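Residues per chain are reported as follows:
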Amino acid sequence: MKLIFLGSGSAFSPLKENFQSNMLLEAPSGKRLLIDCGTDARLSLAKFNLTHKHINAVYISHFHADHAGGLEWLGFSTKFESPPQKPKLFTHPRMIKRLWSRVLSGGLQSLKGKKPATFSSFFKIAKLKNKKYFTWASIRFELVKTIHVYNGKHLLPSFGLFFEIYKTKIFITTDTQFTPQYLMPYYQEADIIFQDCETLKKASKVHPQFKSLTTLPEKIKSKMWLYHYNPGHLPHAKAHGFRGFVKRGQIFYFKKLK
Ligand SMILES: [Zn+2]
Ligand SMILES: [Zn+2]
């Protein structure tokens, strides 16, 4: 099983430098799950000689365009394949209606000569078990709600993923603020953590700053990879006890233990 970081950068990383932090999980059977489909996904997949045809399933963590902005491309291009394909779409149930009405319907609703299209004209929308779990390639994924953008009134959460491959427990935060008190049970349980990390001088407050992450216990940092970082100079992650910054195109392999 392979976890490929198609990109490891922040939402607005220059294309020459990095792509948005979308990942691809590849099963030994050849099945592929795209973890988030941002506006760069078409280009970042092309770097691996992959296209929409290779995507059988997609997971969407939240509405920001670096995570969901490529869905119109994926929807249209799979629909107009011959024969048409319909990727499976996993997301938190509270997001489905709004993902369609606020993000996608403007472009996807009109199909020539037909009744208005719906979300399921393009994707097989999967039902989650207990609004929290889905299974893909025999792996059970737990959605972990994070506090991403909160203005005191409205919360835009993101849903991270916690799952296990061949006895390795993996936690991908997707986008979150620095909330160790809240995420600690997942940090503790995971064997490997992929944590979004901001390397801007001026904090956006919607991602944890590198400096804040250095205050985490050594034990947590020693299993933590940092991604979703900003363009430019990166601090020395290893010297601070982290595993490192994920590089664009980096692949993590998970093998069956003998
Ligand atoms: Zn993001
Ligand atoms: Zn975001």
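Use the structure listed above.
Residues numbered from 1 in each chain as written. Chains lettered and ligands numbered in written order. Predicted model: local features only at pLDDT ≥ 70, side-chain atom pairs only at ≥ 80, totals over all residues.

> So what exactly am I meant to see when it comes to the overall build of the protein chain here?
Broken down by element type, the protein chain carries seven helices and 14 strands. Compactness check: the protein chain gives a C-alpha radius of gyration of 18 Å against a globular reference of 18 Å for 258 residues, within 12% of the reference. Dimensions of the protein chain, computed from the C-alpha atoms along their principal axes, are close to 60 × 50 × 40 Å. Put simply, 55% of the contacts in the protein chain that link residues at least 6 apart link residues at least 24 apart. (Helix = DSSP H or I, 4+ residues; strand = E, 2+ residues; numbered from the N terminus. Rg over C-alpha atoms; globule rule 2.2 N^0.38 Å. Contact = placed C-beta atoms within 7 Å.)

> Help me understand the environment of Phe-159 in this model?
Inspection of the secondary structure assignment puts Phe-159 in strand β9 (residues 155-165). A sequence separation of 16 residues divides Phe-159 from Asp-175, and the C-alpha atoms of the two residues are 7.9 Å apart. Setting aside residues up to four positions removed in sequence, Phe-159 forms contacts with Ser-61, His-62, His-92, Leu-143, Val-144, Lys-145 and Thr-174.

> I tried to follow the nonpolar core on my own but got confused; where do I start?
Within soluble globular proteins, side chains that are nonpolar generally end up buried alongside one another. Grouped together as the largest cluster of nonpolar side chains are 58 residues, with contacts concentrated most on Leu-6, Met-23, Leu-34, Cys-37, Val-58, Leu-226 and Tyr-227. Once residues lying within four places of it in the same chain are set aside, the contact partners of Val-58 are Leu-34, Cys-37, Leu-74, Pro-87 and Leu-89. (Core = buried A, V, L, I, M, F, W, Y, C linked by C-beta atoms within 7 Å. Buried ≥ 20, exposed ≤ 12 C-beta atoms within 10 Å, placed from the backbone.)

> Would you mind showing me how to read the sheet that holds strand β8 (residues 139-150) here?
Sheet strands pair via backbone hydrogen bonds, and the direction of the pair is either parallel or antiparallel. With respect to topology, seven strands assemble into an open sheet ordered β7-β8-β9-β10-β11-β12-β13, the strand pairing being mixed. Looking along the sheet, the strands with just one partner apiece sit at the ends: β7 (133-136) and β13 (244-245). Bridge count for β9 against strand β10 (residues 168-172) is five bridges, and the pairing is antiparallel. When the bridges of β10 are listed, Glu-164 appears paired with Lys-169. (Pairing = 2+ DSSP bridges.)

> Any chance you could explain the packing of helix α3 (residues 71-79) against helix α4 (residues 93-108) here in plain terms?
If you want to describe how two helices pack, look at the angle between their axes and the distance between the axes. Close contact between α3 and α4 brings their axes to 10 Å; oriented N to C, the two are set at 40°. On the basis of the axis angle, α3 is oblique to α4. Our pair here, α3 against α4, has a crossing hand that is right-handed. For the pair formed by α3 and α4, the contact residues are Leu-71, Glu-72 and Gly-75 on the first element and Leu-104, Gly-107 and Leu-108 on the second. Taken together, the residues that form the contact of α3 with α4 break down as three nonpolar, two polar and one charged. (Axes fitted to C-alpha atoms, helices over the stretch in contact; angles between N-to-C directions. Parallel < 35°, antiparallel > 145°, perpendicular 65-115°, else oblique. Left-handed = near helix turned anticlockwise from the far one by under 90°. Nonpolar A, V, L, I, M, F, W, Y, C, P; charged D, E, K, R; others polar.)

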